[in-house]
Structures are given as C-alpha cells and as structure tokens.
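Read off the chains here:
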Amino acid sequence: MTTPAPDIFARIYARHGHRCTMSTLGGRIGLAVLRLRRAEWEDVRGCYLTRTCAVDGIVEVTGLSEDDGRLQVIPEGRHLLRLEHAAGRLEIELAPTALELAGNYRRLGYQLEAGWDDLDFAERERREGLREEALDALLVKLWEMGDDELLLIREENHG
C-alpha cells in the first residue's frame, strides 16, 4: 500500500502518469522557485538542462510551460533549472544527495528486474512489492527533506 501523496505531488503524479523520484525532485525544484519568487519576476522564463521526468514536476508547480515558450528543455545533461528575469537569474540544481538517492533507487530497480522473464508470477509479485515499498519510503523522504539537503540554489541580481 502506498502512502497518500500531498496534494501538489498527487497532481504531479497525475500529470506524469506515475509516481517516480525524478518527477518528485522536479516538484521540489518548483516549490523552491515559488518560495524564492520575487515580485519583480513579471516575465520569468526558464530553461531545464536535461529532458527528464523532473520537467513534469517543474511544469505542474511553476506553471512554466514548453507549450507557451516560457520553459525550454535543452540536453546538457544537468538537473538544473535556470530562470531569467529582468532583475537577475536564479539557478536551482539537484544536489549530489538528491541524485544519489534517485540513483540508488534506480539501481535497486535494475536488481529487482534481473532475470524478470524467467521468474514465476509469485516471484515477480514479491519483487514488485519490494520495489513499491522502497519507492514509497523514498518519496516520503523526498517530500520531507529540506531544500538545503536536496537543492543547490544560486541567485544573481542585477543592479
């Protein structure tokens, strides 16, 4: 059984189509943007430096969108959101801790999927249950950890 997600993360998972670590971390980036957003950010535009599930979290929380041109995604391979506005620049990047947590979960998934085609139904169910337990525990942790643990935030103001 899964822990009910806070409303914002439930909306992210509905947009994204499933629960995952990277859409959750994108949501955390988006929440940091909302906390840091200043009144002078009238015409903010963003750029995320890799195409990943995190984009759905950022879009759902911030309202920035590729469809309206306010968000670009470019393949530089970095989990970093760069926001440009008249008063300056804000960069929010996933910290090594966040990437390590997501990577550890991914490695667990690979281990649990090893030899999948040769497994009987009961073993597949057992492994799927282990994956769901691990994901549930990790998502709760990601919802609750502090920005200082998950994000690197750099702000540059003009003038």
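Quick caveat: nothing in here was measured; it's all calculated off a predicted structure.

Some remarks on the sheet that holds strand 5 (residues 151-157)
1) Next: Strands sit in the order 2-1-3-4-5 across an open sheet of 5 strands; the sheet is mixed. Whereas interior strands pair on both sides, the edge strands pair on one side only; in this sheet they are strand 2 (71-73) and strand 5. Across the sheet, the axes of successive neighbouring strands diverge by a mean angle of 15 degrees, strand direction being ignored.

A closer look at helix 3 (residues 54-62)
1) Next: Counting buried positions along helix 3 yields 8 of 9 residues, so the element is predominantly enclosed.
2) Next: Taken together, the buried positions of helix 3 are Ala54, Val55, Gly57, Ile58, Val59, Glu60, Val61 and Thr62.
3) Next: Packed against the buried residues of helix 3 are helix 1 (7-16), helix 2 (21-36), strand 1 (45-48), strand 2 and strand 3 (80-85).
4) Next: Positive phi appears at Gly63, one or two residues downstream of helix 3, with a value of about 85 degrees.

Quick word on helix 1
1) Next: Turning to helix 1, its buried residues are Ile8, Phe9, Ile12, Tyr13 and His16. Along the axis of helix 1, the buried positions cluster into a sector of 135 degrees, meaning they face one direction only. Within helix 1, the exposed residues directed more than 90 degrees away from the buried face are Asp7 and Ala14.
2) Next: Turning to helix 1, the residues buried within the fold contact helix 2, helix 3 and helix 5 (121-144).
3) Next: Downstream of helix 1 by a residue or two, Gly17 has a phi angle that is positive, lying close to 100 degrees.

Thresholds, definitions, all that
The residue count restarts for each chain, going from 1 along the sequence in the order it is written. Only residues with pLDDT of at least 70 get local features here, since the model is predicted, and only at 80 or more are side-chain atom pairs given and counted; chain-wide, interface and lining totals rely on the full set of residues. Side-chain numbers come from the whole structure's heavy atoms, not from hydrogens or water. One bridge is not enough; two strands pair if DSSP finds at least two bridges between them. Secondary structure elements are taken from DSSP: a helix is a run of H or I of four residues or more, a strand is a run of E of two residues or more, and numbering for both begins at the N terminus. As a rule, the C-alpha atoms of each element are fitted with a line to give its axis, helices using only the stretch in contact, and angles between N-to-C directions run from 0 to 180 degrees. Between buried and exposed lies partly exposed: a residue is buried under 20% and exposed over 50% of the maximum accessible area for its type, with that area taken using a 1.4 Å probe on protein chains only. Two residues qualify as a contact provided that any one of their heavy atoms is within 4.5 Å of a heavy atom in the partner residue. Comment: arc refers to directions from the helix axis out to C-beta atoms.

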